[in-house]
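What follows is the residue order along each chain.
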Amino acid sequence: MLSHINRLPPKVLIYGGTGQAKILRVIVEHYGSIVSAVIDDTPGLPSPFPDVPIYEGWDGFKHWVKTQNRKKTGFLVAIGNPHGRVRLRLHEALVAEGLQAVTVAHPTAWIDKNAEVGEGSQILAGAKVLAETVIGKQCIINTNASVDHENILQAGVEAAPGATLCGLVEVGVNGWICAGSTVLPRISIGADAVVGAGAVVTEDVPDGVTVVGVPARPIGKHQAD
Ligand SMILES: CC(C)(COP(=O)(O)OP(=O)(O)OC[C@H]1O[C@@H](n2cnc3c(N)ncnc32)[C@H](O)[C@@H]1OP(=O)(O)O)[C@@H](O)C(=O)NCCC(=O)NCCS
(Lines give C-alpha, C1' and ligand atoms only; values in the text may rest on other atoms or scores of the structure.)
Protein backbone atom coordinates (compact mmCIF):
# COMPACT_ATOMS: atom_id res chain seq x y z
CA MET A 1 0.00 0.00 0.00
CA LEU A 2 1.33 3.51 -0.79
CA SER A 3 2.86 5.07 2.32
CA HIS A 4 0.49 8.04 2.74
CA ILE A 5 -2.62 5.82 2.61
CA ASN A 6 -4.28 4.91 5.92
CA ARG A 7 -1.77 7.02 7.85
CA LEU A 8 -4.33 8.42 10.26
CA PRO A 9 -3.94 10.99 13.04
CA PRO A 10 -5.62 10.09 16.37
CA LYS A 11 -8.85 11.90 15.51
CA VAL A 12 -10.71 12.39 12.25
CA LEU A 13 -13.43 14.90 11.38
CA ILE A 14 -15.94 13.78 8.75
CA TYR A 15 -17.51 16.58 6.68
CA GLY A 16 -20.83 15.24 5.39
CA GLY A 17 -23.32 13.41 7.61
CA THR A 18 -25.02 10.81 5.42
CA GLY A 19 -24.29 7.24 4.29
CA GLN A 20 -20.78 7.97 3.03
CA ALA A 21 -19.84 8.99 6.60
CA LYS A 22 -20.90 5.54 7.83
CA ILE A 23 -18.71 3.83 5.24
CA LEU A 24 -15.72 6.00 6.14
CA ARG A 25 -16.07 5.55 9.91
CA VAL A 26 -15.59 1.78 9.53
CA ILE A 27 -12.28 2.38 7.72
CA VAL A 28 -11.11 5.05 10.18
CA GLU A 29 -11.72 2.75 13.15
CA HIS A 30 -10.19 -0.26 11.40
CA TYR A 31 -6.91 1.66 11.31
CA GLY A 32 -7.13 2.63 15.00
CA SER A 33 -8.32 6.22 14.81
CA ILE A 34 -11.61 7.73 16.01
CA VAL A 35 -14.24 9.92 14.39
CA SER A 36 -14.49 12.88 16.76
CA ALA A 37 -17.12 15.02 15.00
CA VAL A 38 -19.33 15.27 11.94
CA ILE A 39 -20.13 18.52 10.11
CA ASP A 40 -23.04 18.89 7.70
CA ASP A 41 -24.54 21.97 6.05
CA THR A 42 -28.13 20.65 6.32
CA PRO A 43 -29.94 22.41 9.19
CA GLY A 44 -31.22 20.01 11.85
CA LEU A 45 -29.65 16.87 10.33
CA PRO A 46 -29.23 14.28 13.10
CA SER A 47 -25.77 12.79 13.55
CA PRO A 48 -25.32 9.52 11.64
CA PHE A 49 -23.73 8.20 14.87
CA PRO A 50 -25.42 8.43 18.30
CA ASP A 51 -21.99 8.68 19.96
CA VAL A 52 -20.49 11.39 17.72
CA PRO A 53 -21.63 15.04 17.80
CA ILE A 54 -22.73 16.81 14.62
CA TYR A 55 -22.22 20.54 13.97
CA GLU A 56 -23.94 22.66 11.35
CA GLY A 57 -21.97 24.10 8.45
CA TRP A 58 -18.79 26.14 8.41
CA ASP A 59 -19.86 28.17 11.47
CA GLY A 60 -20.36 24.91 13.35
CA PHE A 61 -16.92 23.74 12.24
CA LYS A 62 -15.29 26.99 13.42
CA HIS A 63 -16.97 26.66 16.83
CA TRP A 64 -15.88 23.01 17.21
CA VAL A 65 -12.31 23.43 15.98
CA LYS A 66 -11.53 26.06 18.64
CA THR A 67 -11.33 23.27 21.22
CA GLN A 68 -9.30 20.85 19.09
CA ASN A 69 -5.62 20.08 18.64
CA ARG A 70 -5.55 20.74 14.90
CA LYS A 71 -2.18 19.00 14.36
CA LYS A 72 -3.66 15.75 15.66
CA THR A 73 -6.89 15.99 13.67
CA GLY A 74 -7.44 14.77 10.15
CA PHE A 75 -10.45 15.13 7.87
CA LEU A 76 -12.40 13.20 5.28
CA VAL A 77 -15.07 14.73 3.07
CA ALA A 78 -18.07 12.39 2.87
CA ILE A 79 -19.90 14.06 -0.01
CA GLY A 80 -20.23 12.07 -3.23
CA ASN A 81 -20.48 13.28 -6.82
CA PRO A 82 -21.78 15.21 -8.63
CA HIS A 83 -20.37 17.39 -5.81
CA GLY A 84 -16.68 16.64 -6.40
CA ARG A 85 -15.97 20.38 -6.69
CA VAL A 86 -17.51 20.88 -3.22
CA ARG A 87 -15.11 18.22 -1.89
CA LEU A 88 -12.22 20.10 -3.45
CA ARG A 89 -13.28 23.46 -1.97
CA LEU A 90 -13.72 21.93 1.49
CA HIS A 91 -10.32 20.21 1.15
CA GLU A 92 -8.58 23.55 0.59
CA ALA A 93 -10.56 25.27 3.36
CA LEU A 94 -9.85 22.55 5.94
CA VAL A 95 -6.13 22.37 5.06
CA ALA A 96 -6.01 26.17 5.47
CA GLU A 97 -7.45 25.66 8.98
CA GLY A 98 -4.48 23.40 9.83
CA LEU A 99 -6.18 19.97 9.58
CA GLN A 100 -4.56 17.04 7.77
CA ALA A 101 -6.19 15.59 4.66
CA VAL A 102 -6.57 11.85 5.23
CA THR A 103 -6.30 9.36 2.35
CA VAL A 104 -7.98 6.02 3.03
CA ALA A 105 -8.30 2.59 1.47
CA HIS A 106 -10.60 -0.13 2.80
CA PRO A 107 -8.65 -3.23 3.91
CA THR A 108 -10.16 -5.18 1.00
CA ALA A 109 -9.17 -2.60 -1.65
CA TRP A 110 -6.19 -3.27 -3.92
CA ILE A 111 -3.85 -0.55 -5.14
CA ASP A 112 -0.84 -1.48 -7.29
CA LYS A 113 2.48 -0.10 -6.02
CA ASN A 114 3.09 1.86 -9.19
CA ALA A 115 -0.29 3.60 -9.07
CA GLU A 116 -0.69 7.08 -7.55
CA VAL A 117 -3.48 8.20 -5.24
CA GLY A 118 -4.04 11.89 -4.49
CA GLU A 119 -4.56 13.45 -1.06
CA GLY A 120 -7.97 13.02 0.51
CA SER A 121 -9.03 10.24 -1.85
CA GLN A 122 -11.09 7.27 -0.70
CA ILE A 123 -10.61 3.77 -2.13
CA LEU A 124 -13.55 1.72 -0.81
CA ALA A 125 -14.33 -1.97 -0.25
CA GLY A 126 -13.20 -4.29 -3.03
CA ALA A 127 -12.11 -1.45 -5.32
CA LYS A 128 -9.06 -1.93 -7.56
CA VAL A 129 -6.58 0.65 -8.78
CA LEU A 130 -4.09 -0.95 -11.16
CA ALA A 131 -0.80 -0.41 -12.94
CA GLU A 132 0.36 3.18 -13.47
CA THR A 133 -3.07 4.64 -12.88
CA VAL A 134 -3.04 8.16 -11.46
CA ILE A 135 -5.90 9.12 -9.14
CA GLY A 136 -6.12 12.84 -8.34
CA LYS A 137 -6.95 14.66 -5.13
CA GLN A 138 -10.30 13.99 -3.41
CA CYS A 139 -11.42 11.18 -5.70
CA ILE A 140 -13.77 8.39 -4.61
CA ILE A 141 -13.20 4.91 -5.99
CA ASN A 142 -16.34 3.35 -4.63
CA THR A 143 -17.26 -0.22 -3.66
CA ASN A 144 -16.03 -2.79 -6.20
CA ALA A 145 -15.12 -0.16 -8.79
CA SER A 146 -12.31 -1.27 -11.08
CA VAL A 147 -9.84 1.29 -12.38
CA ASP A 148 -7.49 -0.64 -14.62
CA HIS A 149 -4.07 0.22 -16.06
CA GLU A 150 -2.79 3.68 -16.97
CA ASN A 151 -5.99 5.58 -16.30
CA ILE A 152 -5.75 9.25 -15.35
CA LEU A 153 -8.45 10.60 -13.03
CA GLN A 154 -8.30 14.31 -12.32
CA ALA A 155 -9.29 15.77 -8.94
CA GLY A 156 -12.80 15.25 -7.56
CA VAL A 157 -13.74 12.29 -9.76
CA GLU A 158 -15.99 9.50 -8.47
CA ALA A 159 -16.10 5.96 -9.88
CA ALA A 160 -19.38 4.80 -8.27
CA PRO A 161 -20.01 1.23 -7.03
CA GLY A 162 -19.18 -1.38 -9.65
CA ALA A 163 -18.00 1.07 -12.31
CA THR A 164 -15.32 -0.25 -14.67
CA LEU A 165 -12.71 1.97 -16.28
CA CYS A 166 -10.74 -0.09 -18.79
CA GLY A 167 -7.16 0.91 -19.56
CA LEU A 168 -5.92 4.35 -20.64
CA VAL A 169 -9.17 6.14 -19.79
CA GLU A 170 -8.96 9.82 -18.82
CA VAL A 171 -11.56 11.56 -16.65
CA GLY A 172 -11.65 15.35 -16.13
CA VAL A 173 -12.21 17.21 -12.86
CA ASN A 174 -15.46 16.20 -11.10
CA GLY A 175 -16.31 13.56 -13.70
CA TRP A 176 -18.84 11.05 -12.34
CA ILE A 177 -18.78 7.47 -13.59
CA CYS A 178 -22.03 6.12 -12.12
CA ALA A 179 -22.81 2.70 -10.69
CA GLY A 180 -22.19 -0.34 -12.87
CA SER A 181 -21.12 1.58 -15.97
CA THR A 182 -18.21 0.65 -18.23
CA VAL A 183 -15.84 3.02 -19.99
CA LEU A 184 -14.00 1.32 -22.85
CA PRO A 185 -10.21 1.66 -23.33
CA ARG A 186 -8.66 5.00 -24.40
CA ILE A 187 -11.90 6.94 -23.89
CA SER A 188 -11.80 10.49 -22.53
CA ILE A 189 -14.55 11.69 -20.17
CA GLY A 190 -14.71 15.47 -19.82
CA ALA A 191 -14.69 17.63 -16.69
CA ASP A 192 -18.08 17.61 -14.88
CA ALA A 193 -19.35 14.95 -17.30
CA VAL A 194 -21.66 12.18 -16.03
CA VAL A 195 -21.79 8.58 -17.23
CA GLY A 196 -25.18 7.20 -16.14
CA ALA A 197 -25.62 3.97 -14.21
CA GLY A 198 -25.22 0.89 -16.41
CA ALA A 199 -23.95 2.80 -19.46
CA VAL A 200 -21.27 1.49 -21.81
CA VAL A 201 -19.19 4.38 -23.11
CA THR A 202 -17.75 3.80 -26.58
CA GLU A 203 -16.97 7.42 -27.58
CA ASP A 204 -15.39 10.42 -25.83
CA VAL A 205 -17.76 12.47 -23.65
CA PRO A 206 -17.34 16.29 -23.75
CA ASP A 207 -17.14 18.48 -20.62
CA GLY A 208 -20.39 18.76 -18.67
CA VAL A 209 -22.33 16.26 -20.79
CA THR A 210 -24.42 13.42 -19.30
CA VAL A 211 -24.56 10.16 -21.27
CA VAL A 212 -26.70 7.07 -20.58
CA GLY A 213 -27.44 3.72 -22.17
CA VAL A 214 -25.70 1.03 -24.20
CA PRO A 215 -23.98 2.37 -26.20
CA ALA A 216 -23.99 5.62 -24.19
CA ARG A 217 -25.71 8.62 -25.76
CA PRO A 218 -26.03 12.22 -24.47
CA ILE A 219 -29.17 13.26 -22.56
CA GLY A 220 -28.02 16.81 -21.91
CA LYS A 221 -25.73 19.17 -20.08
CA HIS A 222 -25.88 20.15 -16.45
CA GLN A 223 -24.45 22.88 -14.29
CA ALA A 224 -21.55 21.87 -12.03
CA ASP A 225 -21.79 23.23 -8.47
C1 LIG B 1 -27.22 9.75 -15.06
C2 LIG B 1 -28.05 10.30 -13.90
C3 LIG B 1 -27.15 11.00 -12.91
C4 LIG B 1 -28.99 11.30 -14.60
O5 LIG B 1 -29.77 11.94 -13.67
P6 LIG B 1 -30.73 13.14 -14.17
O7 LIG B 1 -29.92 14.15 -14.91
O8 LIG B 1 -31.47 13.59 -12.95
O9 LIG B 1 -31.64 12.46 -15.23
P10 LIG B 1 -33.22 12.16 -15.16
O11 LIG B 1 -33.51 11.26 -14.00
O12 LIG B 1 -33.94 13.46 -15.26
O13 LIG B 1 -33.47 11.31 -16.49
C14 LIG B 1 -33.45 11.89 -17.77
C15 LIG B 1 -33.79 10.81 -18.77
O16 LIG B 1 -32.69 9.88 -18.86
C17 LIG B 1 -33.13 8.57 -18.48
N18 LIG B 1 -32.06 7.99 -17.65
C19 LIG B 1 -31.53 8.52 -16.50
N20 LIG B 1 -30.55 7.75 -16.04
C21 LIG B 1 -30.44 6.73 -16.89
C22 LIG B 1 -29.60 5.59 -16.92
N23 LIG B 1 -28.65 5.42 -15.99
N24 LIG B 1 -29.73 4.73 -17.94
C25 LIG B 1 -30.69 4.91 -18.89
N26 LIG B 1 -31.53 5.97 -18.92
C27 LIG B 1 -31.41 6.87 -17.92
C28 LIG B 1 -34.40 8.77 -17.70
O29 LIG B 1 -35.22 7.63 -17.75
C30 LIG B 1 -34.99 9.96 -18.40
O31 LIG B 1 -35.57 9.51 -19.61
P32 LIG B 1 -36.90 10.20 -20.22
O33 LIG B 1 -36.52 11.63 -20.48
O34 LIG B 1 -37.17 9.39 -21.43
O35 LIG B 1 -37.94 10.08 -19.14
C36 LIG B 1 -28.84 9.22 -13.12
O37 LIG B 1 -29.94 8.78 -13.77
C38 LIG B 1 -27.97 8.01 -12.76
O39 LIG B 1 -27.63 7.15 -13.57
N40 LIG B 1 -27.65 7.97 -11.47
C41 LIG B 1 -26.83 6.95 -10.89
C42 LIG B 1 -26.21 7.51 -9.63
C43 LIG B 1 -25.19 6.61 -9.01
O44 LIG B 1 -24.51 5.81 -9.64
N45 LIG B 1 -25.06 6.78 -7.73
C46 LIG B 1 -24.12 6.04 -6.96
C47 LIG B 1 -23.91 6.75 -5.67
S48 LIG B 1 -22.70 5.98 -4.68
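As shown above, the structure is provided for reference.
Residues numbered from 1 in each chain as written. Predicted model: local features only at pLDDT ≥ 70, side-chain atom pairs only at ≥ 80, totals over all residues. Heavy atoms only, no water.

Here P107 shows up in the loop between β6 (104–105) and β7 (110–111). Spatially, the C-alpha atom of P107 lies 23 Å from that of I152, the residues being 45 residues apart in sequence. Sequence-distant contacts of P107, defined by excluding residues within four places in its chain, comprise H30 and Y31. (Helix = DSSP H or I, 4+ residues; strand = E, 2+ residues; numbered from the N terminus. Contact = heavy atoms within 4.5 Å.)

The next point concerns the pattern of salt bridges. This model, assessed by the stated rule, comprises 6 salt bridges. One salt bridge in this structure joins K62 and E97, with 2.8 Å as the shortest N-O distance. Placement of K62 in helix α2 (residues 57–65) and of E97 in the loop between α3 (84–96) and β5 (100–101) is noted, with a sequence separation of 35 residues between them. For K62, a relative accessible area of 35% gives the class partly exposed. The salt bridge partner of D192 is R85, with a shortest N-O separation of 2.8 Å. Of the two residues, D192 is situated in the loop between β20 (188–189) and β21 (194–195) and R85 in helix α3; the sequence distance between them amounts to 107 residues. Judged by its relative accessible area of 13%, D192 falls in the buried class. (Salt bridge = Lys/Arg side-chain N within 4 Å of Asp/Glu carboxyl O. Buried < 20%, exposed > 50% of the residue type's maximum accessible area, 1.4 Å probe, protein only.)

Turning our attention to the pairing of strand β4 (residues 73–77). Across the 5 residues that make up β4, a large majority, 5, are buried. By the alternation rule, side chains of β4 split into T73, F75 and V77 and G74 and L76, which are all buried. Judged from the 5 bridges that link them, strand β1 (residues 11–15) and β4 form a sheet pairing that is parallel. Residue Y15 lies in a different strand from β4, and its bridge partner there is V77. As paired strands, β4 and β5 are joined by 2 bridges and run parallel to one another. Considered in β5, the bridge of G74 is made with Q100. On the question of chirality, the crossover connecting β4 to the parallel β5 by way of α3 is right-handed. (Pairing = 2+ DSSP bridges. Right-handed = clockwise from strand over helix to strand, strands pointing away.)

The strand order across the open sheet formed by 5 strands is β8-β11-β14-β17-β20, and the pairing between neighbours is parallel. The strands lining the two open edges of the sheet, one partner per strand, are β8 (116–117) and β20. Bridge count for strand β11 (residues 134–135) against strand β14 (residues 152–153) is 2 bridges, and the pairing is parallel. Considered in β14, the bridge of I135 is made with L153.

This part takes up the site of the ligand. Around the ligand, the structure places 13 residues, and the nearest of them are P161, C178, A179, G196 and A197. When grouped by side-chain class, the residues that make up the shell around the ligand number 9 nonpolar, 3 polar and 1 charged. (Near = heavy atom within 4 Å. Nonpolar A, V, L, I, M, F, W, Y, C, P; charged D, E, K, R; others polar.)

Along the chain, N81 turns up in the loop between β4 and α3. Polar side-chain contacts of N81 include one of 3.3 Å to the backbone oxygen of G175. (Polar contact = N/O pair within 3.5 Å; in protein donor to acceptor, adjacent residues only side chain to side chain.)

So far we have only geometry, and geometry alone does not tell us how the molecule works.
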